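Descriptive structure summary
So the chains spell out like this:
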Amino acid sequence: SFDYISCRVNQHTFEHPMEHGRRLDGCLFYDTECGVPAADAYCKDRGYGRALEYSLVQSMDAEETMTIGNHAVCDTRWHGCSAFSYITCLV
């Protein structure tokens, strides 16, 4: 019999991830390496191994997004910026 069982959380979901006070852009660098590369970089930056899943949306609320690769800012007033609505990271 077991006295106790220790469980480890293997994943964590970040809702509306941010980078330096701005919504996290869907691309690693401005308009390049979008989706998986940007989500993986976000997870690795927070001590996880990689992204398990994510969702991208067009950011249309006159808010800026920021890339994680080089901290470039995308201004939705002038560009079609995408942002992550969530990223689930895996250990």
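For the structure, check the block above.
Keep in mind that what you see is a predicted model, and the values were worked out from it rather than measured. (Residues numbered from 1 in each chain as written. Predicted model: local features only at pLDDT ≥ 70, side-chain atom pairs only at ≥ 80, totals over all residues. Heavy atoms only, no water.)

1. Regarding the pattern of salt bridges
- For the structure shown, the criterion picks out five salt bridges.
- Between arginine 23 and glutamate 63 there is a salt bridge, and its shortest N-O distance comes to 3.5 Å. Note that arginine 23 is positioned in strand E3 (residues 22-24) and glutamate 63 in the loop between strand E6 (50-58) and strand E7 (64-66), a separation of 40 residues in sequence.
- Arginine 23 gets classed as buried once you look at its relative accessible area, which sits at 13%. (Salt bridge = Lys/Arg side-chain N within 4 Å of Asp/Glu carboxyl O. Helix = DSSP H or I, 4+ residues; strand = E, 2+ residues; numbered from the N terminus. Buried < 20%, exposed > 50% of the residue type's maximum accessible area, 1.4 Å probe, protein only.)

2. Topic: the packing of aromatic side chains
- A complete count under the given rule lists three aromatic pairs for this structure.
- Here phenylalanine 14 and tyrosine 48 contribute two aromatic rings whose centre-to-centre distance is 6.0 Å and whose plane-to-plane angle is 85°, an arrangement assigned as edge-to-face. Residue phenylalanine 14 is located in strand E1 (residues 11-15), and its partner tyrosine 48 is located in the loop between helix H1 (36-45) and E6; the two are separated by 34 residues in the primary sequence.
- On the basis of an interplanar angle of 80° and a centroid distance of 5.5 Å, the ring pair of tyrosine 54 and phenylalanine 84 is categorised as edge-to-face. You can see tyrosine 54 sitting in strand E6 and its partner phenylalanine 84 sitting in strand E9 (residues 82-90), a full 30 residues away along the chain.
- Residue classification places tyrosine 54 among the partly exposed residues on the basis of a relative accessible area of 29%.
- Note on phenylalanine 84: relative accessible area 0%, which makes it buried.
- Members of the aromatic cluster, each reached through a chain of ring pairs, are Phe14, Tyr42 and Tyr48. (Phe/Tyr/Trp six-rings, centres within 6.5 Å; stacked < 30°, edge-to-face > 60°.)

3. A look at the sheet that holds strand E8 (residues 73-75)
- Strands sit in the order E2-E3-E7-E8 across an open sheet of four strands; the sheet is mixed. Bordering the open sheet on either side are strand E2 (18-19) and E8, each of which pairs with just one other strand.
- By the bridge criterion, three bridges tie E7 to E8 in an arrangement that is antiparallel. Directly across from threonine 65, in E8, lies its bridge partner cysteine 74. (Pairing = 2+ DSSP bridges.)

4. Some points on the state of the cysteines
- Using the criterion set out here, one finds three disulfides in the structure.
- The disulfide bridge from cysteine 74 ends at cysteine 81, spanning 1.9 Å between sulfur atoms. Taking the torsion about the S-S bond as the criterion, the cysteine 74 to cysteine 81 disulfide, at about -80°, is left-handed.
- The cystine pairing of the chain, numbering bonded cysteines in sequence order, is 1-2, 3-6, 4-5. (Disulfide = S-S within 2.5 Å.)

5. Side note on the environment of isoleucine 68
- In this structure, isoleucine 68 sits in the loop between E7 and E8.
- Owing to a relative accessible area of 11%, isoleucine 68 belongs among the buried residues under this scheme.
- Taking C-alpha positions, isoleucine 68 is 9.3 Å from histidine 20, a pair spaced 48 residues apart along the chain.
- When residues no more than four places from it in sequence are discounted, the contact partners of isoleucine 68 are Glu19, Leu24, Cys27, Leu28, Ala38, Ala41, Tyr42, Asp45 and Arg46. (Contact = heavy atoms within 4.5 Å.)

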